[in-house]
Amino acid sequence: MNLTFSSFLKIGVLSLVVALSGCQFESAPKNVIKVGGKTMGTFYTITVVGDYPGGQDQLKNDAEQILGVINKEISIFDKSSILSKFNDSKSTEPFEITKDMADIISTSINVGYDVEGVMDVTVGPLVNLWGFGNKKDLAKKEPTPEEINEAKKYVGADKIHVTYSYGKYFLKKDHPDVFIDLATVGEGFGADKLSQLLDKKGIKNYMVAIAGAIRTRGSNARGTDWVIAIEDPANEQRVGESIEVPVCTKGKAISTAGSYRNFIESNGKRKSHAIDPFKGEPIDHDTVSVTVIGPTALWTDALDTGLLVWGADKALKYANENGIAIYTIVKDGNGFKSRYSRAMQEYLICK
Ligand code: ADP
Ligand code: MG
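The following paragraphs examine the structure supplied in this document.

Per the secondary structure count, the protein includes eight helices and 19 strands. The proportion of buried residues among the 351 residues of the protein is 53%. When the accessible surface of the protein is split by element, carbon and sulfur atoms take 51% of a total near 15,600 Å².

As a further point, take the site of ligand 1. Close to ligand 1 lie 17 residues; V118, D120, D181, H273 and I275 are nearest. With respect to ligand 1, the backbone of D120 contributes an N or O atom lying 3.0 Å from a nitrogen atom. D181 places a polar side-chain atom, nitrogen or oxygen, 2.5 Å from an oxygen atom of ligand 1. When ligand 1 sits alone it has 580 Å² of accessible area, and the protein chains cover 90% of it. Counting only elements with at least two residues in the shell around ligand 1, the list comes to α6 (183-200) and β12 (253-258).

With that settled, the discussion passes to the sheet that holds strand β4 (residues 42-49). Taken in spatial order, the eight strands line up as β3-β4-β8-β9-β12-β17-β18-β19 in an open sheet, and their pairing is antiparallel. Every other strand in the sheet has two partners, leaving β3 (32-39) and β19 (335-340) as the edge strands with one partner each. The average undirected angle you get between the axes of adjacent strands in this sheet is 10 degrees. Against the sheet, helix α1 (residues 55-74) contacts β3, β4 and β8 (206-210), and its axis sits at roughly 30 degrees relative to β3. Its contacts with the sheet place α6 against β4, β8 and β9 (213-217), and it is angled at close to 155 degrees to β8.

Across the sheet, which stays open at both edges, the three strands sit in the order β5-β7-β6 with antiparallel pairing between neighbours. If you trace the sheet from one side to the other, it starts and ends with β5 (95-97) and β6 (160-165), each paired once. If you compare each strand with its neighbour and ignore which way they point, the axes differ by 35 degrees on average. Against the sheet, helix α3 (residues 99-114) contacts β5, β6 and β7 (168-173), and its axis sits at roughly 135 degrees relative to β6.

So, about the packing of α3 against α6. Contact geometry for α3 and α6: axes closest at 11 Å, N-to-C directions at 125 degrees. It follows that α3 is oblique to α6 by the angle criterion. Remark: the crossing between α3 and α6 carries right-handed chirality. Residue-level inspection shows D100, I104 and S108 of α3 in contact with α6, the latter providing V185, F189 and K193. By residue class, the composition of the contact of α3 with α6 is three nonpolar, one polar and two charged.

This next bit is on the packing of aromatic side chains. Summed over all chains, the structure comprises four aromatic pairs. For the ring pair Y164 and Y169, a centre distance of 4.7 Å and an interplane angle of 50 degrees mean the geometry is tilted. Directly above the ring of F86 sits K173, whose terminal nitrogen or CZ lies 4.4 Å from the centroid.

Counting buried positions along β8 gives five out of five residues, so the element sits mostly inside the fold. On β8, burial covers both faces: Y206, V208 and I210 on one face and M207 and A209 on the other are all buried. Where β4 lies against β8, five bridges are found, and the strand directions are antiparallel. What sits directly across from T45, in β8, is A209. Bridge count between β8 and β9: five bridges; the pairing is antiparallel. Bridge pairing in β9 links V208 to R215. As consecutive antiparallel partners, β8 and β9 are separated by two residues, and within that stretch A211 has a phi angle of approximately 45 degrees, a positive value.

Looking now at the pairing of strand β17 (residues 287-294). Among the eight residues in β17, eight count as buried, and that is most of the element. Taken together, the six bridges between β12 and β17 define a ladder with antiparallel strand orientation. Residue pairing across strands places I254 opposite I293, the latter belonging to β17.

Coordination of the magnesium ion (ligand 2) by the protein involves D301 (O), D301 (OD), D304 (OD) and T305 (OG1), with metal-donor separations of 2.2 to 2.6 Å. Written as a sequence motif, the donor arrangement for the magnesium ion (ligand 2) is D-x2-D-T. In this pair, D301 and T305 are both assigned in helix α7 (residues 297-310), four residues apart and thus about one turn of the helix distant. For the pair D301 and T305, a shared accessibility class is recorded, and that class is buried.

With respect to the helices, strands and loops of the structure, T47 is situated in strand β4. You can call T47 buried: its relative accessible area is 5%. Dropping the residues within four chain positions of it, T47 is found in contact with V32, I33, K34, N205, Y206, M207 and W226.

Rules used throughout
Residues numbered from 1 in each chain as written. Chains lettered and ligands numbered in written order. Predicted model: local features only at pLDDT ≥ 70, side-chain atom pairs only at ≥ 80, totals over all residues. Heavy atoms only, no water. Helix = DSSP H or I, 4+ residues; strand = E, 2+ residues; numbered from the N terminus. Buried < 20%, exposed > 50% of the residue type's maximum accessible area, 1.4 Å probe, protein only. Areas by Shrake-Rupley, 256 points an atom, 1.4 Å probe, with all protein chains shown as cover. Near = heavy atom within 4 Å. Polar contact = N/O pair within 3.5 Å; in protein donor to acceptor, adjacent residues only side chain to side chain. Pairing = 2+ DSSP bridges. Axes fitted to C-alpha atoms, helices over the stretch in contact; angles between N-to-C directions. Contact = heavy atoms within 4.5 Å. Parallel < 35°, antiparallel > 145°, perpendicular 65-115°, else oblique. Left-handed = near helix turned anticlockwise from the far one by under 90°. Nonpolar A, V, L, I, M, F, W, Y, C, P; charged D, E, K, R; others polar. Phe/Tyr/Trp six-rings, centres within 6.5 Å; stacked < 30°, edge-to-face > 60°. Lys NZ or Arg CZ within 6 Å of the ring centre and 35° of its normal. Donors = N, O, S within 2.8 Å, 3.2 Å for Na, K, Ca; no water.

By themselves, these figures tell us nothing about what the structure is for.
Structure, rendered in structure tokens:
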């Protein structure tokens, strides 16, 4: 296939993924509605091919209403969110949460177990200690081994429990200092929710992106598969040249976790915002990004973080053993090299 890279849409400043327009030699483009804005400290975009009931303004209203609800549920930067209230509470009694929160947290716990605990939504005390969470003041200096060991006492998905009773969902922590951080899965969950909105409205062709978490369905304005490009970090400085690997989504969810955009400098070293919960430290290996394709963006967004923490070797072994499509980029001398799992191959050939 011959791709035209001329008009591409960059999704979010922190995103490692860019979405491309269609291919050459196809039928004339159809009518497209696009909306976008800020959410979760990043950007969202929705592209609908064809009409949306009520038009563009209605689409933006509907989307922002959904995103607003999610923020009120899981933002740790909004002190009045349900998750902030849970984190701030010292009670270890069951705390009522919404069904959506129960879904996000249960799925995250399950994916975390699948990857032996390297993705862990209770990593919050360590995230805060290193200055990536909502307690940035903690990170004036590098944490001591004692501080890291203290924070690690409250980390572990076995320390939180989601329960259901008489039509209500509850979350319980075993220790008052457990702190849940859903930053790594929020974008994926949001993309799934926006995708559900469009499905309910009967939209057959769309792409939804919140930063690096993307859902697609059907085809683009030219009637071909949605194409997403995985950005090569080697090119990030050269504006307009950042497109590297075209991935055909085939109606699936796709998301990327990366270690090179959000980091702090500490003792002359770059510390990534991806934390290894076992070491209690930001990862410092050579894998800079892992992209995952799968059925929902919540699932890919949870898994990409764990696979990034593992690094490319273990991530690829796991993906090949389990038939999961992943694409990794690893620092190699002054450049970068990419490796992908067997299941990824079909997404690299666009029809
Ligand atoms: P990216 O898309 O660049 O990978 P995300 O915003 O999706 O970044 O996720 C990074 C955030 O996830 C961190 O800022 C932190 O809040 C949280 N986090 C860091 N390490 C882990 C981990 N091992 N498991 C779960 N969440 C993590
Ligand atoms: Mg993630």
